[in-house]
Structure formats: C-alpha cells, structure tokens
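Below are the chains, spelled out letter by letter.
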Amino acid sequence: MAAVKRYDILDTPADGSFDRITALAARRFDVPISIISIVDHDRIWFKSHHGVPVEEIDREPGLCASAILSPEPHILTDAKTDPRSLANPLVAGDFGLRFYAGVPLQTSDGYNLGTLCIIDKEARPIDQPQIDDLKDLASVVMDQMELRLSARQAVSRAEIMAREIDHRVMNSLQFIASLLTMQSREPALTDVAASQLQLAANRVAAVARVHRNFYTDATDEVSCITFLRRLCADLAGILGKSISVNGDEGNVPTTRIQPIGLMVNELVTNAAKHGTGNIDVTFRIKDDFHELSVCDDGEGLPAGFDPDQSVKGLGMRVVTILAKQLDGRVTTGSNPAGRGSCFMVAFPA
C-alpha cells in the first residue's frame, strides 16, 4: 500500500496513454474487456477500463487482488471449472466471467500494485507467446507509471532546490541590509552619508521582505490579496502602524507580484510617515485592469502634485518606475474616507 501511495495514481483522471494500452490488449487478444487495475485497501480501482463502464469494484470478489499475490501471470482459461474461482461472484453471478488473464504491475522494487488483465465471458485457451505479449504490455504500463513518478520527483526536487536558493537569497539580502545599517552608525560619517546608507539599508530590507512573502507561494499565479495581507502584516509590525488590506480575490502572475510588493512597501512606508492612524491598502479587479491603492489620514498632498514629475523623493520615483514595469500609471487623490491622501496604481489585467 505504501508503494501504491508513492505512485499517487488512485482516483486520477482518465489518461489516453493507458486507455490506448487496454484498447490494444482487447484487440490483440480478441476479448471484449481489458482493464488496468490498482488494488487499494478495500477496492480495486480501474485506471483504464475498456469494455466495462464501472470504475472500481470491491476488493473481495476481484480476481486482481488474487493476481497480485504472485509475480507470475494469473490465468483462468475456464473460471467455472477452475477451483480457484468457482465460488467467485463474478464467475457464479450475473456477470458470467469465464476467462481471465492478469499480469501483475510490478514496481522496480518488487511490489505488485495491480494488474493488466484481459477478460472474456467465454472460456478460451491462451498460449505462452500470448502471455509474453501481455507481460510486455504490462511492462509498458509500468514504464508509463515510472515516467510519471520520475517527473513528479524531479519537480519536487526542483521546488526544494528553488526554495533553498530563495531562502539563501533572502538571508543574503537581510545580511546586506544589516551591514548597511551598521555602517550608517559609524561616527566619522556625515549626517547626509549616514542617512543615505540607512536609506539603502531600508530598501534592501524591503526587497528581502517582499521576497520572503512572495516565495511562500511556488506557482505560476498567486492570490494578490493573500500576498498583500502577509506583506502588510509584516510591515505593520515593523512600522508600528495599523494596516488594513481589503479588496477582490483573484490571482495575478507571479512575475507581477514582486513589483506590486515593492510599490506597496514604498507607499505604505510613506503613508506611515505622513499619517497617524490607519493605513488602507485596497486591491480591486476591474474588467480589463487591476487597481491598487494606498490611503493615509495625513494632511494630504500639495496642490498640483504630479507623481510623474516628483523629483524630491526617491520613493516616488521607485513607485513610478515599478508601475511602468506593469504597463501601469500612478495617480493621486484625496482620501474618500475624509482627511488624507491616496495613491492609486492602475495596470492591465
């Protein structure tokens, strides 16, 4: 059963590769039924079933459960006269099974997972060359299963390696941020130099923070709102501010998550400087574009403020550059909740 679990094949969808094998077996041996079965704890599940509509049967009457007890093919040329199957409900009952030939599906380490079997409701002989052909087809079934197992294991190893690399990158970024912070505290530095070093440290730490929250997911698309909640929970602890995250559920490509996270980091950090209360982060999914907004309760923006023309703050320039990476644009406005301002970034879906 551990081997069955290792191959992770039970209850998987129909597969043309296996269906072609059962169809070929039925034609090759001129039988109405051919099945690729996997024996579970209490059932026999059919990965492919040619000639019968059912997808599984109870383990108790199933001949495949007997067939896997030996490494050799299980052959019943006339089940009604064979003492091994006389009382079997599939033989004695309405189904009327008379012929059964099953070859165990054996793993490379010697475990029988199930069978490739052919079935007829008429008694019939089978010779050794035919048995050899059935064994070869069973080997093809196992080859397919081994290929799928190897592919899953390769993906798993790649994911583990990717996570290890990501972990080391994040640690390296945090280490660099710490070194820059330490350097900024050198007594010989001017206030301007110390401030610039600390600013660099904060930005490296921001990349590390976005990296950490982003790589919790390892898929082609991720839930943006889930990512933003993780990131803002992290920022709330660092900034000592209350940050609420609301919006629409929906996935975005992972290639977009990092610029989104860096923009939110800049805008939330800026909002924390200018406001005293809650910071609101909202993500909306429109028909053909997404909108991200960060609002504060500060004194608001000066009249005529244009984020594209802002040259005073590096943070605003970073946000506009990141927005352009998403083919988006930054706009500003008053906080609809009352006092304060909002920065909005709209980009194509």
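Before reading on, note that the structure itself is shown above.
Keep in mind that this is a model prediction, so the values were computed, not measured. Each residue is numbered by its place in its chain's sequence as written, counting from 1. Owing to the predicted nature of the model, reporting of local features is limited to residues with pLDDT of at least 70; listing and counting of side-chain atom pairs is limited to 80 or more, with chain, interface and lining totals taken over all residues. Derived side-chain values reflect all non-hydrogen atoms in the structure, with water molecules and hydrogen atoms excluded from consideration.

(A) Structural view of the pattern of salt bridges. Any carboxyl oxygen of Asp or Glu that lies within 4 Å of a side-chain nitrogen of Lys or Arg is treated as forming a salt bridge with it. Applying the stated criterion across every chain, the model contains 11 salt bridges. Its salt-bridge partner being Arg148, residue Asp15 comes within 2.8 Å of it at the nearest N-O pair. Separated by 133 residues along the polypeptide, Asp15 in the loop between α1 (2-7) and α2 (16-29) and Arg148 in helix α5 (residues 128-184) bring together distant segments of the chain. Residue Arg148 is classed as partly exposed on the basis of its relative accessible area, which comes to 26%. Linking Arg98 and Asp78 is a salt bridge whose minimum nitrogen-to-oxygen distance equals 2.9 Å. Here Arg98, found in the loop between α4 (89-92) and β5 (99-106), pairs with Asp78, found in the loop between β4 (74-76) and α4; they are 20 residues apart in sequence, far enough to count as distant. The helix and strand labels rest on DSSP assignments: H or I over at least four residues marks a helix, E over at least two residues marks a strand, and numbering proceeds from the N terminus. Note on exposure labels: buried denotes an accessible area under 20% of the residue type's maximum, exposed denotes more than 50%, and partly exposed covers the range between, all computed with a 1.4 Å probe on protein chains only.

(B) Summary view of the environment of Asn278. Mapped onto the elements, Asn278 comes out in the loop between α8 (254-274) and β10 (279-285). Contacts of Asn278, omitting those with residues within four sequence positions, involve Ser242, Ile243, Ser244, Cys295, Asp296 and Asp297. In the analysis that follows, any N or O atom pair within 3.5 Å is treated as a polar contact, provided that within protein one partner can donate a hydrogen and the other can accept it, and provided that, for residues neighboring in sequence, both atoms belong to side chains. A polar contact of 2.7 Å, which involves the side chain of Asn278, links it to the side chain of Asp280. Contact criterion: two residues are considered in contact whenever any of their non-hydrogen atoms come within 4.5 Å of each other.

(C) Spatial organisation of the state of the cysteines. Sulfur atoms of two cysteines make up a disulfide when they are within 2.5 Å. Considering all chains together, one arrives at one disulfide under this definition. What pairs with Cys295 in a disulfide is Cys342, and their sulfur atoms sit 1.9 Å apart. The S-S bond linking Cys295 to Cys342 shows a torsion near 110°; that makes this disulfide right-handed. Taken together, the positions of Cys295 in strand β11 (residues 289-295) and Cys342 in strand β13 (residues 341-348) put the pair 47 residues apart, joining distant regions of the chain. Each member of the pair Cys295 and Cys342 is classed as buried. Cysteine Cys117 remains unbridged, with the sulfur of Cys64 as its closest cysteine sulfur at 4.1 Å. Judged by its relative accessible area of 1%, Cys117 is buried.

Just geometry here; none of it tells us what the structure is for.
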